[in-house]
Amino acid sequence: MKTVLKVENLKVHFPIKAGGFLNSKIIPLRAVDGVSFEVGAGECLGVVGESGCGKSTLGRAVLQLIKPTDGKVLWLGENLCDLPREQMRQKRSNLQLVFQDPLSSLNPRLTVAEIIREPLYATDPTIGREDADQRIDEIMKAVGLLPEMRNRYPHEFSGGQCQRIAIARAMVLKPKLIICDEPVSSLDVSIQAQIINLLRRLQKEYGLSLIFISHDLSVVRHLCHRVMVLYLGRMMELADRDSLFAKPLHPYTQALISAVPIPDPAKERAKGTLILSGDLPSPLNPPSGCVFRTRCLKATPKCIKEVPTVEVLENGHQIACHHWLK
Amino acid sequence: MDTVLELEHLTVCFDTKAGNVSAVTDLNLTIQRGECIGIVGESGSGKSQTFLASLGLLAGNGKTMGRALFRGQDLLKMNRDELDKLRGDRVTMIFQDSGTSLTPHMRIGEQLMEVLVAHKGHAPDVARKRVLEVMESMRIPDIEKRLTQYPHEFSGGMRQRVMIAMALVCQPDLLIADEPTTALDVTVQAQILNLFRALKAHTKSSIVLITHDLGVVAGLCDRVVVMYGGRMVEEAPVADIFASPKHPYTQGLLRCRPRLDQLLDTDLEAIPGQPPNLQKLPKGCAFAERCTQAIERCHTERPILRQLSPTRRAACHLLDAA
């Protein structure tokens, strides 16, 4: 599989004003702190973690919607972080984003056709009206919207249909990579499956690469080929789906997987959930050493002193933990 | 049996610009002492409104009909004073968004003690002792310090624990939890669900758990009610609803989610279509247009909720034929 996107040691730090009125100082909030990964052509990479782990920031930084503080984002070998604005704009036809809340990501004063037409005009102002209309109809059909709906406004649609419009808008430029940031979390359970099936189909049909950002592990397991687990801006584990879910090596991944309730009363009651103590620490003041150590069941003094490096195992499984062998 | 809450023909209507909208229609449900019952449905299914209406917490344009008997007394006939004596004491409710349920300018300790002072007439030191006891059972570390803090100093998971503690200080007969873990991360959700399990084992309170997550129901509830379009479509003991769901909607709900204990390499079995528009409910079964098994009768005649066995009820024409 050809690698299309390569992210190296990506860092996004936000300057935050801290301290009192007289002794205020600027400290960095390390939203993403040294994350590296690759995405292959036609591959779906899942990014999971709890709120505040930096998964959305990571998605935006890859698309340069937030300027990374450090690191490289190589798209087909070219570092997007170095590109001037205009050149980056040209690249955007290949790199698209779908957001969590479909209704607020659509302009309420534009019709569906106008929403989907916007990116077409933005990348090619000379495109003829008929060409544009034809492409709009095609993509509307591909995402399961009736072309007759083209003159309606977003508020006339349900959440699931709005998400289809957002996906159509992202797909109309025939991008090579789409980053989906929690695309089904705000939808009703019965509608989620429709959108998941749609993404899965589009991904296969168009050979799309997907970065699927989600906190829902069952959905990620269903959809993704490889999965990356983030915690407090750092990568904890990255592996292909089957080895990650069958044999998670990182204590955090183990706890995450064990915390997902299983819809089967006998299994759910017998399984014995690994309960982590406490909450996510503040990213302004992350723990020294391994960021997960304050909630980790295996933590030792070594974890306080040393930041674990990412080890790459034979099967490509990546893990950042001092004690994964234990 | 010791019945705590009995809803009889409960109907909830809202007077809107677009006309009268019925959020809950003709709901009959009894909750026994010590029982944990799960109410499952999508947004707009009426699962929250049922209990908000029972406690007199509807929005201004809402109207409730029928009866809601709490230990034999009709809650819907009570005036505000009578309700206030019960609410927060014998019946308590916790909501999804714990951040907006706490008073931002009062210390957590004061807020918790206020409940006991108001309902039980406890002296502050007695109230404080009980608050400490409950907070300890919520496994909140460093309680003494925590009690002097304000809600914004608590994380989402911690605030939800405070809410549960507040709901429990008076040892209520009935605790209604409306999506208590939906806004929380999975690892924190696991902590909170663990608390509910301990609560179930150690108290005689009945629990109503309103949720859209069947996984949460599986681990906690004794009995499950599934709602759709404002009506109950199925009711069964928890093991039965997962092992042999009778209503096509329940079957669809169980099949449309990917599960961690099964790996699918095909598409998910999505339920087609959209949730119903409560302003334009069809004449027949509300689920008929999304139902893959629908027959002609489903579109013309509304199925009634039938008793299938002593413990199971469902509303579907297909079950009549069988």
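In this text, all values refer to a predicted model and were calculated from it rather than measured experimentally.

*Asks:* I'd like a rundown of the overall build of chain B, residues and numbers included.
*Replies:* From N to C terminus, chain B includes 13 helices and 12 strands. For 322 residues, the compact-globule estimate of 2.2 N^0.38 gives 20 Å, and chain B sits close to it at 21 Å. Along the first, second and third principal axes, the C-alpha atoms of chain B reach 65 × 50 × 40 Å. Across chain B, the fraction of contacts at a sequence separation of at least 24, relative to all contacts at a separation of at least 6, is 63%.

*Asks:* Explain the sheet that holds strand E3 (residues 44-48) of chain A residue by residue, including any values.
*Replies:* Residue and element names in this part refer to chain A. Taken together, the 8 strands give an open sheet; going across it, the order is E6-E7-E8-E3-E9-E10-E12-E11, and neighbouring strands pair in mixed fashion. Of all the strands in the sheet, just strand E6 (95-98) and strand E11 (311-312) have a single pairing partner and so form its edges. One ladder, built from 2 bridges, connects E11 with strand E12 (residues 318-319); its direction is antiparallel. Each residue of the ladder has a partner; that of valine 312, found in E12, is glutamine 318. Running at roughly 175° to E6, helix H5 (residues 159-171) makes contact with E6 and strand E7 (177-181) of the sheet.

*Asks:* Requested: an account of the interface of chain B and chain A, with residues and values cited.
*Replies:* Every contact between the two is made by 39 residues of chain B and, on the other side, 35 residues of chain A. No other element matches helix H8 (residues 186-202) of chain B, which puts 7 residues into the side of chain B that touches chain A. When the residues that make up the side of chain B that touches chain A are grouped by side-chain class, the tally is 20 nonpolar, 12 polar and 7 charged.

*Asks:* Quick one: what's the story with the nonpolar core, residue by residue and with numbers?
*Replies:* Formed by 189 residues in total, the largest nonpolar core has its most connected members in A:Ala168, A:Phe212, B:Ala165, B:Val169, B:Val208 and B:Val217. Two domains each donate at least three residues to this core, and these are domain 1 (3-94 + 175-249 + 311-319) and domain 2 (109-173) of chain A. Once you skip the residues sitting within four places of it in the chain, A:Phe212 turns out to touch A:Cys44, A:Gly46, A:Val47, A:Cys180, A:Val220, A:Leu223 and A:Cys224.

*Asks:* Explain helix H4 (residues 108-120) of chain B to me, and be specific about the residues and the numbers.
*Replies:* All names here are of chain B. An ideal rise of 1.5 Å per residue puts 18 Å on 13 residues; H4 measures up with 19 Å between its terminal C-alpha atoms. Considered for burial, the residues of H4 that qualify are Ile108, Gly109, Leu112, Met113, Val115 and Leu116. Seen end-on, H4 carries its buried residues on one side only, within an arc spanning 140°. Structurally, H4 contributes buried residues whose contacts are with helix H5 (124-137), helix H6 (143-147) and helix H7 (156-168). Glycine 121 sits one or two residues past H4 and shows a positive phi near 65°.

*Asks:* Mind laying out the pairing of strand E8 (residues 206-211) of chain B, listing which residues take part and the relevant values?
*Replies:* All names here are of chain B. Burial runs high along E8: 6 of the 6 residues are buried. The side-chain alternation of E8 yields two buried faces, one formed by Ser206, Val208 and Ile210 and the other by Ile207, Leu209 and Thr211. Sheet analysis places strand E3 (residues 36-40) next to E8, joined by 5 bridges and oriented parallel. Pairing of cysteine 36 across the sheet is with isoleucine 207, part of E8. Alignment of strand E7 (residues 174-178) against E8, held across 5 bridges, turns out to be parallel. For aspartate 178, the partnering residue across the bridge sits in E8 and is isoleucine 210.

*Asks:* Please provide a residue-by-residue account of the environment of A:Gly289, values included.
*Replies:* Residues and elements named next belong to chain A. Locating glycine 289 in the fold gives a position in the loop between helix H10 (265-270) and helix H11 (301-305). Taking the C-alpha atoms as reference, glycine 289 lies 4.6 Å from isoleucine 304; in sequence the two are 15 residues apart. If near-sequence neighbours (up to four positions away) are discounted, glycine 289 is found in contact with Cys303, Ile304, Lys305, Glu306 and Val307.

*Asks:* Please give an account of the packing of helix H3 (residues 112-123) of chain A against H5(A) that cites residues and values.
*Replies:* All names here are of chain A. Closest axis-to-axis distance for the H3/H5 pair is 8 Å, and the angle between their directions is 30°. Between H3 and H5, the interaxial angle falls into the category roughly parallel. Judged by the sense of rotation from one axis to the other, the crossing of H3 with H5 is right-handed. Where H3 abuts H5, its residues Val112, Ile115, Ile116 and Pro119 lie against Ile165, Ala168 and Arg169. Residue composition of the contact of H3 with H5, by class: 6 nonpolar, no polar and 1 charged.

*Asks:* Tell me about the confidence of the model for chain B, and please be specific about residues and values.
*Replies:* All names here are of chain B. Residues at a pLDDT of 70 or more form 99% of chain B, whose mean pLDDT is 92. Summarising per-element confidence for chain B, the mean pLDDT is lowest in helix H3 (residues 98-101) (81) and highest in strand E10 (residues 231-237) (97). Here the predicted complex carries an ipTM of 0.87, next to a pTM of 0.90.

*Asks:* Tell me about the pairing of strand E1 (residues 3-16) of chain B, and name the residues and values.
*Replies:* All names here are of chain B. As judged from the 10 bridges shared by E1 and strand E2 (residues 19-32), these two strands associate in the antiparallel manner. Each residue of the ladder has a partner; that of leucine 10, found in E2, is leucine 27. Between the end of E1 and the start of E2, which pair antiparallel, lie 2 residues.

*Asks:* Run through the domain arrangement of chain A, naming residues and quoting values.
*Replies:* All names here are of chain A. Taken domain by domain, chain A holds domain 1 (3-94 + 175-249 + 311-319) and domain 2 (109-173). For domain 1 and domain 2, the distance between their C-alpha centres works out to 26 Å. In the side of domain 1 that touches domain 2, the residues fall into 8 nonpolar, 3 polar and no charged.

*Asks:* Which residues make up unusual backbone geometry, and what are the values?
*Replies:* Even without a glycine there, the phi angle at A:Lys174 is positive, about 50°. One can find A:Lys174 in the loop between H5 and E7. Positive phi, close to 50°, is recorded for B:Glu179, a residue that is not glycine. Note that B:Glu179 resides in the loop between E7 and H8.

*Asks:* Describe the sheet that holds strand E5 (residues 78-79) of chain A, and please don't skip the residues or the numbers.
*Replies:* Residue and element names in this part refer to chain A. Strand order in the open sheet made by the 4 strands is E2-E1-E4-E5, with antiparallel pairing throughout. Edge strands, defined here as strands with exactly one partner in the open sheet, are strand E2 (25-40) and E5. Direction of pairing for strand E1 (residues 3-18) relative to strand E4 (residues 70-75): antiparallel, over a ladder of 5 bridges. Within E4, the position partnered with lysine 11 by the bridge is aspartate 70. Sheet contacts for helix H1 (residues 55-62): E1, E2 and E4; angle to E2, the most-contacted strand, approximately 70°.

*Asks:* Describe H7(B), and please don't skip the residues or the numbers.
*Replies:* Residues and elements named next belong to chain B. The end-to-end C-alpha distance of H7 is 18 Å, a good match for the 18 Å that 13 residues give at a rise of 1.5 Å each. H7 sits mainly inside the fold: 12 of its 13 residues count as buried. For H7, every residue scored as buried is listed here: Gly157, Met158, Arg159, Gln160, Arg161, Val162, Met163, Ile164, Ala165, Met166, Ala167 and Leu168. Considering only its buried residues, H7 is in contact with strand E6 (91-94), H3, H4, H5, E7 and H8.

Thresholds applied
Residues numbered from 1 in each chain as written. Chains lettered and ligands numbered in written order. Predicted model: local features only at pLDDT ≥ 70, side-chain atom pairs only at ≥ 80, totals over all residues. Helix = DSSP H or I, 4+ residues; strand = E, 2+ residues; numbered from the N terminus. Rg over C-alpha atoms; globule rule 2.2 N^0.38 Å. Contact = placed C-beta atoms within 7 Å. Pairing = 2+ DSSP bridges. Axes fitted to C-alpha atoms, helices over the stretch in contact; angles between N-to-C directions. Nonpolar A, V, L, I, M, F, W, Y, C, P; charged D, E, K, R; others polar. Core = buried A, V, L, I, M, F, W, Y, C linked by C-beta atoms within 7 Å. Buried ≥ 20, exposed ≤ 12 C-beta atoms within 10 Å, placed from the backbone. Domains from an automatic or database assignment. Expected span 1.5 Å × (residues − 1). Arc of directions from axis to C-beta. Parallel < 35°, antiparallel > 145°, perpendicular 65-115°, else oblique. Left-handed = near helix turned anticlockwise from the far one by under 90°. pLDDT = per-residue confidence, 0-100.

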